[in-house]
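Results of the structural survey
Chain by chain, the residues run as shown.
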Amino acid sequence: MSFEMWAEKYRPKRLDEMVDQKEIVERLKSFVKARNVPHCIFAGPPGTGKTTAALCLARDFYGEGYREHLMELNASDERGIDVVRETVKTFARSRSIGEIPFKILILDEADNMTSDAQQALRRTMERYTETCRFILCANYSGKIIEPIQSRCAPFRFTFLPREEHDKYIKQIAERENVQLLPDGVDAIFEVCGGDLRRAINTLQAAASVNKPVDAKLVYSITGRASPADVQKMLTTAIKGDFLGARKQLRDMIQKYGVAGSDIIRQIHTEIFKATEIPEPWKIKLAGIVGEIDYRLVEGSDEEVQLSALLARLVEAGYEMKK
Amino acid sequence: MYAAWTVKHKPASVAEIVGNTEAIKTFSEWIKSWSKGVPKKRAAFLYGPPGVGKTVTVEALAKDLGMELVEKNASDYRTEEAVNRFAGLASQYGSLFGSRRIILLDELDGLTGNADKGGVKAITDIIKTAQCPIVLIANNAYDPRFINLRSYCILIEFKKPAASEVAKHLKRISEREGIQVDENALKFIAQRSEGDVRSAVNDFQALAQGKKRLTYEDVSWLGYRDRQDSIFNLLRMIIYSRTSASAKQAVDMADVDIDMLFEWIYENAPEHLTDPHDLAQAMDALSMADVYRGRIRTTQDWSFIRYVIDYMTAGVAMSRQRSKSAGWTPFKFPSRIQMLSRSKAERAMKLSIGLKIKRKCHISASRASKEFLPYLRIIFKNNAEMADGIAKWLDLDDEMIAYLKG
C-alpha cells in the first residue's frame, strides 16, 4: 500500500488515460491536435473528472512543463471580484512564451463565484482571449451567468457508469494489494453514487483498517450515512416525531460529517423502497424531495433544508394514517 | 393610505391637543399679545420630554390664528448664512404688511458643543431685535448653554399628559379610522407610552392598521418591547402572532441580528406547532428564508433581506392555523449555535488541513475539508504507517496530526 492520497495518485495524467467521458475526451483531443482551444465550461457532478480533464488537456498541450502555462484558481476559496480583477487579469494578459500562444486558466468550482465577480470575469475573458483560455469547472452550469455561458464551449460530465466505476476501483485495489469483496464494491457504489474521488477515498480509508473490504466495513467508515440510519430517520419522521428525526439528522451532519446531498439521495432511494409508504404517496414525496434538493443546490443550509423535508414527511405520515 | 398616523391625525387645532392645558393657554396668550405690539419677551421657550406635543402646539396655534409658520431645526442653525436668512425674516415682521408670522426653531438640543456656541449666541442676538414671535423648542431648557438665551424668553414647560388623555386621543383616531377598539386595549397602549403621545400613536397604528377590531389580546404583547424581556418574548410574539405585520415587527424590536434570530426560530418553532400541516408549512417558510439568505450571498444584494424576514417571521406565524397551544414550553437556546461556538477552533483546524490538501489535490480548501477529512480521520485512527506517509506527503504539522488522530 502506498502512503499518499490514492485519489491523487491515480488521477490520469493524459487524456489517453481517462477512463470515461469518452466523447468529451475525443473532443478535447481534437483541440490538442488543432493546437487551439476555446473557452470551456466543464459542468457535472463532483468526482466525474472535470478538473482531471482540464489538467490532462493542459499536459497534452504543453508537455511536462505545463505548470508554467497554467493557473488553477478555486472559486470557493477565492470567489470575490477582487480575485478576478487582480489575480486573473494579471495572469490572463501576459503573453505565453512557447509554441502555444495562449495560457490556460482553470477556474474550479466556478459556480461559487458571486455574480459581480462573474460579470468582471466575462469582460476579462473577452479582452484577453488571445493570450488566455479559460476552463470553468462547475457542478451546475446554470449558476454561471448567461453571457459567460454563451462565450464557452459546454461540456457535460456525467457520473461514471457502474461497470467503469467497478473496473477502476478494482484496479486500484489490485495495485494496492487490497482485498476487495464484491459486496464491498456494491457498498462503495451505493455510498458514493459514481463520484470517483469519493469512491477512491472510501476505498483507501477502508483499506487502512487492514481487513478485507466488505459492505459492513464500507458503511462503518462512511460517516454512518448507512441506509439503515437514513431509514431510521425516515421512520421516525413518518411516525410523527419531528424533533427526534431532526436530532438524528443533526447527528449525521454535525457529528459524522455526512453531506446533505448524500442524505437527500438516500432519502430518495429509501422512499421508493419503504413498504410503510403507500404507493400513491411515493411520487408525491419524491416531488418534495426534488424541491428540497434544488434548494440545497442553490446553496442553502443543509440542516434547515433537510428538516423542512422531514416536516413534510411528518405531515405525510399523518395524512397516511387517516 | 399608509401615511403615518402621527401625521395624518395630527391635531388640526389646539383644542385637539392632548393635555398641557395650562402651557398651551400661556403660550397662546403670549402669541396673541403680539397683535398689541412687541411684548417684553420676544421669544417663547417650550421645553419638555419628547412626544408631548410641543411642536404640534405651535403648528396648531399658527393654523388657528391664520399665521405663517417658518420652521427651522437643528441642522439649520449651523451655517452663518442660514442664521442670517432667518434673522432677515425675523426683522421684517409688521414693518411693511403687518404680516403675521411665527418663527419656530425646533430641536435646539441638537446644537452641540463648542462648534455651535456661536449658533446660540446668534440666535440670542436675533431675539433681542425680533419683530415677530420666535419660538424655541428643546427637551431641556436648563442646559447651561442656554443660560444667557433663557433670560430673553418666557419659559413654558410641557409635561407628560395623563394616560387617560392619551387614550382619549387614540380613541379619536380609532373613530376616524373606523376601527373598533376595546377600551382596555386603548388604556394599555396609553399606559405603556408613559405620556409619549407620538409613540402611543405609532404603536397604535402598528397594531390596528388594516383591522376592524382591536382587542386587548392583540395588544398585550406590546409590553415585550422592553428590551430586557428579550428574545423569549420576541419568539412568542413571532410564533403566536395573528397578523403578518405584527410578526414582522418583531424584527425591528429585536436586538439580535437576523441570522441569530433565525436560529432561535428554527430551534424553537417546531415545538409550538403541534399540527403536522402547520409544522410542515412553517418549516417550509424557514427553508425559503434560508434560500433567500443564499441568494443574498450569491448576488450580494442585501435588499433581499426583506424576503428572509417575511418568511422567517410572517411565514412562520401564518403557518399556525390548526395547532393547539403548546402549553408552557420553555424556549431553548439554539443548539446549532452552541455547537458552532464550541467548534470554532475546530473549524479553523479543518480549514488549515484543507489548505494543505488543496495544495496537493486540486480541490478547494473548503471542499477538501468536507471530502477528504472524514477519510483521513479513519486512516489516521487505523493505520499509523499510512498516516505517517500521508502526513509527510501533505506536509501536516504535529497539531494537525494530533487532531486527525484524536
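Overview of the structure.

Scanning chain A from N- to C-terminus turns up 15 helices and five strands. Sequence separation of 24 or more characterises 76% of the internal contacts of chain A that already satisfy a separation of 6 or more. A total accessible area of about 13,900 Å² is found for chain A, and carbon and sulfur atoms account for 51% of it.

Summing up its helical and strand segments, chain B has 21 helices and seven strands in all. Among the 406 residues that make up chain B, the fraction classed as buried is 51%. Carbon and sulfur atoms make up 52% of the accessible area of chain B, which totals about 19,600 Å².

Taken together, the contact pairs 51 residues of chain B with 60 residues of chain A. Summed over both sides, the interface between chain B and chain A buries roughly 4,800 Å², with carbon and sulfur atoms accounting for 54% of that surface. Among the residues chain B hides against chain A, the three largest losses belong to His 362, Tyr 375 and Met 386 of chain B. Together they make up 16% of the total. Across the salt bridge formed by Arg 295 of chain A and Asp 284 of chain B, the nearest N and O atoms sit 2.8 Å from each other. On the surface where chain B and chain A come into contact, there are 21 residue pairs in polar contact (both at pLDDT 80 or more). Those elements that place two or more of their residues in the side of chain B that touches chain A are helix H13 (258–272), helix H14 (276–299), helix H16 (335–342), helix H17 (344–361), helix H18 (365–371), helix H19 (373–382) and helix H20 (384–394) of chain B. For the side of chain B that touches chain A, the per-class residue count stands at 22 nonpolar, 14 polar and 15 charged.

Turning our attention to empty space enclosed by the protein. Think of a ball as big as a water molecule: rolled over the atoms, this probe shows where empty space is left. Residues and elements named next belong to chain A. The full count for this structure, using the stated rule, is three cavities of 30 Å³ or more. Reported here for the largest cavity is a volume of approximately 460 Å³. The wall of the largest cavity is formed by 33 residues, among which Arg 11, Gly 47, Thr 48, Gly 49 and Thr 52 lie closest to the centre. Contributions of two or more residues to the lining of the largest cavity are made by helix H1 (6–9), helix H3 (50–62), strand S4 (132–138) and helix H9 (196–208). The residue makeup of the lining of the largest cavity, split by class, is 15 nonpolar, nine polar and nine charged.

Our focus in this paragraph is the pairing of strand S1 (residues 43–47) of chain B. On a regular strand, each side chain points to the face opposite its neighbour's, so the side chains alternate between the two faces of the sheet. Residue and element names in this part refer to chain B. Extensive coverage of S1 is indicated by the burial of five of its five residues. Burial along S1 is two-sided: the residues Ala 43, Phe 45 and Tyr 47 and Ala 44 and Leu 46 are all buried. As paired elements, S1 and strand S4 (residues 134–138) share five bridges and run parallel to each other. Looking at the pairing, Phe 45 lines up with Leu 136 of S4.

With that settled, the discussion passes to the pattern of salt bridges. Residue and element names in this part refer to chain A. All chains considered together, the criterion is met by 41 salt bridges over all chains. In this structure, Arg 67 and Glu 72 form a salt bridge, with 4.0 Å as the shortest nitrogen-oxygen distance. Residue classification places Arg 67 among the partly exposed positions, given a relative accessible area of 48%.

A separate point is the sheet that holds strand S2 (residues 68–72) of chain B. Residue and element names in this part refer to chain B. Spatially, S2-S3-S4-S1-S5 is the arrangement adopted by the five strands of the open sheet, whose pairing is parallel. Taken across any chain shown, the strands that pair with only one partner, and hence form the sheet edges, are S2 and strand S5 (153–157). With direction set aside, neighbouring strand axes in the sheet form an average angle of 20°. Across five bridges, S1 lies against S5 in parallel orientation. Paired with Ala 44 across the strands is Ile 154, a residue of S5. Against the sheet, helix H2 (residues 21–33) contacts S1, strand S3 (101–105), S4 and S5, and its axis sits at roughly 155° relative to S5.

All names here are of chain A. Ordered in space as S2-S3-S4-S1-S5, the five strands form an open sheet in which the pairing is parallel. Edge positions in the open sheet fall to strand S2 (70–74) and strand S5 (153–156), since each of these has one partner strand only. In this sheet, neighbouring strand axes are inclined to one another by 15° on average, regardless of whether the strands run parallel or antiparallel. Across four bridges, the pairing between strand S1 (residues 40–43) and S5 is parallel.

Moving on, we come to unusual backbone geometry. What you tend to see is this: most non-glycine residues have negative phi, and most peptide bonds are trans. Residues and elements named next belong to chain B. Not every positive phi belongs to a glycine, and Asn 20 is a case in point at roughly 50°. With respect to the helices, strands and loops of the structure, Asn 20 is situated in the loop between helix H1 (5–8) and H2. Note on Asn 20: relative accessible area 13%, which makes it buried. In the Ramachandran plot, His 362 falls in the positive-phi region, its phi being about 50° despite a non-glycine side chain. The class of His 362 is buried, set by a relative accessible area of 11%.

Rules behind the numbers
- Residues numbered from 1 in each chain as written.
- Chains lettered and ligands numbered in written order.
- Predicted model: local features only at pLDDT ≥ 70, side-chain atom pairs only at ≥ 80, totals over all residues.
- Heavy atoms only, no water.
- Helix = DSSP H or I, 4+ residues; strand = E, 2+ residues; numbered from the N terminus.
- Contact = heavy atoms within 4.5 Å.
- Areas by Shrake-Rupley, 256 points an atom, 1.4 Å probe, with all protein chains shown as cover.
- Buried < 20%, exposed > 50% of the residue type's maximum accessible area, 1.4 Å probe, protein only.
- Buried area = accessible area lost by both parts, 1.4 Å probe.
- Salt bridge = Lys/Arg side-chain N within 4 Å of Asp/Glu carboxyl O.
- Polar contact = N/O pair within 3.5 Å; in protein donor to acceptor, adjacent residues only side chain to side chain.
- Nonpolar A, V, L, I, M, F, W, Y, C, P; charged D, E, K, R; others polar.
- 1 Å grid on protein atoms, 1.4 Å probe; cavity = no way out; pocket = protein on both sides within 12 Å on 5 of 7 lines; lining within 4 Å.
- Points joined across faces, edges and corners; volume = space filled by probe spheres on them.
- Pairing = 2+ DSSP bridges.
- Axes fitted to C-alpha atoms, helices over the stretch in contact; angles between N-to-C directions.

Distances and angles like these do not, on their own, reveal function.
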